[in-house]
Amino acid sequence: MIDASTPASLARRFANAAAILTAAAVLLIAGVSFWLIDHQRAQANALLQEREVAFHATTVGHNLEAVVTRLHEVGASPILATALVDSAGKETYLTPFLHGLRQMNGIPLRLLFTDFEGKEIADNGVPGFTDADMAWLRARLANGDERAVLQTGPDGGELLGVVLLRYQRTRTPEGALVYKVRLADLKPTSWAVLAPASADKAAGPHEIAAPVPLPPRLAHVGLVLREDERRLPLPLETSGPQYLLILVVACLLALVVFILAARLAHGLTRDLRRLETFSVSLGDDIGTQRAPLEGSREVVSLARALNRMLDRLYEQRAHLEEERRKFLQLANNIPQLVWMADPEGNIVWFNDRWHEFTGSPPGTTGADEWHRYHDPEVLPQVMRRWKEALASGNMAQMTFPLRGADGRYRSFFTSVAPLRDEAGQIVQWFGTCTDVTPLERAERAVRYSEERLQQGLVAARMAVWERDPHSGQVTFSANLHSVFGKNWHNIAELQKLVHPDDRQPLRDTVEQAIRAGGEYRATPRVRRADDGRLAWIDMRGRLGLGADGRSTVVHVVAIDITERKRAEEALQLADRRKDEFLAMLAHELRNPLAPISSAADMLRLAYAGEPRVKQISDIIARQVAHMRHIVNDLLDVSRVTRGLVAVARRPIDLRRVVAEAAEQVRALVDARRHRLDVALGAAPVMVDGDHTRLVQVVANLLTNAAKYTPEGGHIEVELEAADGQAFLAVRDNGNGIGPDLLPVVFDLFTQASRTLDRAQGGLGLGLALVRKLVELHGGQVDAASAGPGRGSTFTVTLPLLDVNPGSEPVFEKLPETGL
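Once a new chain begins, its residue numbering starts again from 1 and follows that chain's sequence as written. Given that the model is predicted, a residue must reach a pLDDT of at least 70 before its local features are reported, and side-chain atom pairs must reach 80 or more before they are shown or counted; all residues, however, enter totals for whole chains, interfaces and linings. To get the side-chain values, take all heavy atoms of the structure and skip hydrogens and water.

Further remarks concern the sheet that holds strand β10 (residues 223-228). Here a strand pair is declared whenever DSSP counts at least two bridges between the two strands. The helix and strand labels rest on DSSP assignments: H or I over at least four residues marks a helix, E over at least two residues marks a strand, and numbering proceeds from the N terminus. Pairing within the open sheet is antiparallel, and its three strands lie in the order β8-β10-β9. On the outer flanks of this sheet lie β8 (193-196) and β9 (207-211), each paired with one strand and no other. For this sheet the average axis-to-axis angle between neighbouring strands, irrespective of direction, equals 25 degrees. Note: β9 against β10, five bridges, orientation antiparallel. The residue of β10 that forms the bridge with alanine 209 is arginine 226. Simply put, an axis is a line fit to the C-alpha atoms, just over the touching stretch for a helix, and the angle between two N-to-C directions goes from 0 to 180 degrees.

Here the focus is the nonpolar core. Soluble globular proteins tend to bury their nonpolar side chains together. Buried Ala, Val, Leu, Ile, Met, Phe, Trp, Tyr and Cys residues form a nonpolar core when they are joined through side-chain atoms within 4.5 Å. Note on exposure labels: buried denotes an accessible area under 20% of the residue type's maximum, exposed denotes more than 50%, and partly exposed covers the range between, all computed with a 1.4 Å probe on protein chains only. Of all hydrophobic cores here, the largest spans 45 residues; its most connected members are Leu71, Leu94, Leu98, Phe113, Leu177, Tyr179 and Leu218. The biggest single contributor to this core is helix α2 (residues 41-75), with eight residues. Dropping the residues within four chain positions of it, leucine 98 is found in contact with Leu80, Leu111, Phe113, Ala122, Asp123, Asn124 and Leu177. One finds Leu654, Ala705, Leu719 and Ala726 within the second-largest nonpolar core, a separate group that totals 42 residues. The contact definition used throughout considers only heavy atoms, calling two residues in contact when any of these lie within 4.5 Å.

In this section: the side chain of threonine 189. Locating threonine 189 in the fold gives a position in the loop between α6 (183-186) and β8. Judged by its relative accessible area of 13%, threonine 189 falls in the buried class. In this structure, threonine 189 is in contact with His56 and Glu227, ignoring residues within four places of it in sequence.

Once that is clear, we can look at the sheet that holds strand β12 (residues 347-350). As summarised here, the arrangement of the five strands in space is β12-β11-β15-β14-β13, forming an open sheet in which the pairing is antiparallel. Whereas interior strands pair on both sides, the edge strands pair on one side only; in this sheet they are β12 and β13 (396-403). Going from strand to strand, the sheet's axes swing by 25 degrees on average, the running direction of each strand aside. The pairing of β13 with strand β14 (residues 409-420) spans eight bridges and is antiparallel. Within β14, the residue paired with glutamine 397 across the bridge is serine 415.

Charged atoms that come close allow side chains of opposite charge to pair. Should a side-chain nitrogen of Lys or Arg be within 4 Å of a carboxyl oxygen of Asp or Glu, the pair is scored as a salt bridge. On inspection of all chains with the given rule, the structure shows 19 salt bridges. Two residues, aspartate 155 and arginine 110, come together in a salt bridge whose shortest N-O distance is 4.0 Å. With aspartate 155 in the loop between β5 (149-153) and β6 (156-165) and arginine 110 in strand β3 (residues 110-115), this residue pair connects regions lying 45 residues apart in the sequence. Here aspartate 155 falls in the partly exposed class, since its relative accessible area comes to 46%. On the basis of relative accessibility, which here comes to 17%, the residue arginine 110 falls in the buried class. Via salt bridges that share partners, Arg110, Asp133, Asp155, Glu158, Lys180, Arg182 and Asp185 belong to a single interconnected network.

Our next topic: the environment of asparagine 733. By the secondary structure assignment, asparagine 733 is in the loop between β26 (725-732) and α20 (766-776). We classify asparagine 733 as partly exposed; its relative accessible area is 43%. With 19 residues separating them in the primary sequence, asparagine 733 and histidine 714 have C-alpha atoms 6.0 Å apart. In contact with asparagine 733, not counting residues within four places along its chain, are Thr709, Gly713, His714 and Gly791. Within the local environment of asparagine 733, its side chain forms a polar contact with the backbone nitrogen of histidine 714, the two atoms lying 2.9 Å apart. In the analysis that follows, any N or O atom pair within 3.5 Å is treated as a polar contact, provided that within protein one partner can donate a hydrogen and the other can accept it, and provided that, for residues neighboring in sequence, both atoms belong to side chains.

Given below as structure tokens:
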């Protein structure tokens, strides 16, 4: 039920007014018609019939003008302009809008909305456009021609027209609104005939023809309306003598009706005109303006619908603006250079990264702006690829150099992709440029490193591979054949090459390492597949992650150590023969020493009164003693290296060992006027060792210090115990040890450079013997020196022996040694 306070319907108000005016006119005409005289009925009827036909023709012309005018208003509608660039709202607002245009002034209308290429976007739901119609439309779009044509269709004559959609931003049409009207639907009466003026012929005896007054846009078409007068009703059945009076009264009534109707229509359409004024004031900018909700119910409903549409448009605009800001923020914050181009390939926008890299001012987006940042030699190739992408409409990728603000070129990987609308047409191109210069440098470095690695593997006769312990699949280096004589692809092939005696030990070693998740090392013998030679392969494996970072593989390095094995065997053989030679040499040298010593003693006794002979015999005795010392060292070294020396271990106090050794070298120390300081401590330092051999160790260290310390030097001996170890240090301020000699100072026959004033020397056996004897006691000896001329320090470390306190007697001080 309608509320009484609801504004009256505009249609009802117009209906009531029309009924009142019509009734009054009928009554007035009926009242005065009796006073009229129809003395010229025939002439009047003919005239009225002609005027009726003319009126019908005028009606047809007005209808066509209304259709054309309305369609041009529709063509200028912002709804169509919006649909050309945003077809997403087709189902929301475009289709309902066009479906409301199925009829105009009661005339059925076929309507089609297309883009600039004549491709359909939407219609008003009335089909009927043929391929010939679409071809005609494309020709009109190409020529920019809006002239309508008359044609013969399946249902008779048709009027086919087009409204081209033009906007200020372009010179060519951006779309079209095509319409088609059947001539049969324009006829005011069923017996009327509409025909082109060009096909006009002389009127028949009972035909009345009247040209249709067409609007300017259709004036070139030319239409003629023909009607049979016999089918026209006779307005005046009887004639009257007072025709003039009737005419005057009719005119007066028409004037009164017109004035009343105009005033009434003006009052009734005030709210509608107010809404129209509001819609005109909107313009292109959609702000916060809204239509006033006042007037008739239809106007209020229309205003509400308009406000809802404005709210939607405002929300969409705000959303698009927000998305635009997000896009710009994203595009300006990513490290890539981003750009956009129109469908023809003209770049219209660069992001901030582009301007920062190139140094170009923001906003410079000329058609050829980006050309000057390309390498001139590469630019033709880039242009060719770009044109191919534009022609095919497909995504393209390429890599080329770009010049930065610093004048240097950097390599960029560029990806270009098109943006298409619902019709599949490209509306924009997007491109990104990613700086791949660091990646290319890294790839070159990796390739260079791989080449160096391959060269190194080949030079070192080394091969590497990875094995999946589950599948057994093997991935190996390219030089695998250089080590094994062939490229194998699974462990079974490798097992066939391994010497039968080494297969099972190798398999057990590898399986144990895989189960424990650790490493393994094996040195199997392998029979090369190419020449059959037996090779020693040093295999080192470790369980780790594969290249994918998830799977577990065994990383293996195999080195051909055949030459090293042969060299080791040769060295072992030479070392063994050297030890045998030293032993034989020592025995052979020792044999003549006893007779020479006895002869020297006999000379000294026989010629005791002869000073010259006594001096010679003393020299011989002294040199014989020196030779005996050297020979004994040779014998000791030979026995130790051959494993013939056995140490007789027992608990001993290292303080006694140091005291005896100091006594042995006292003569040499005094002869070179050295100052010897020995610090042994009050508590016993008990070790499990051979007393004689340890005295020999300390004596050799003191002898070495005395020999290599200039006369008047200072030698210190310090003994202490800590953390279960006994530490014996022998320091001097002598010649020191150079950095080249320090690593090999304990090797056989190693000796520092002698000076001219040193008569002592030797074969470099003392320190080698010290190391061997200390290692036989489970200890170690180290040497340190700050450099030549800055002295040296030798430190012997031996494990302490656990003893009960007080089980050893307190070692008494020796006055003659200062201990």
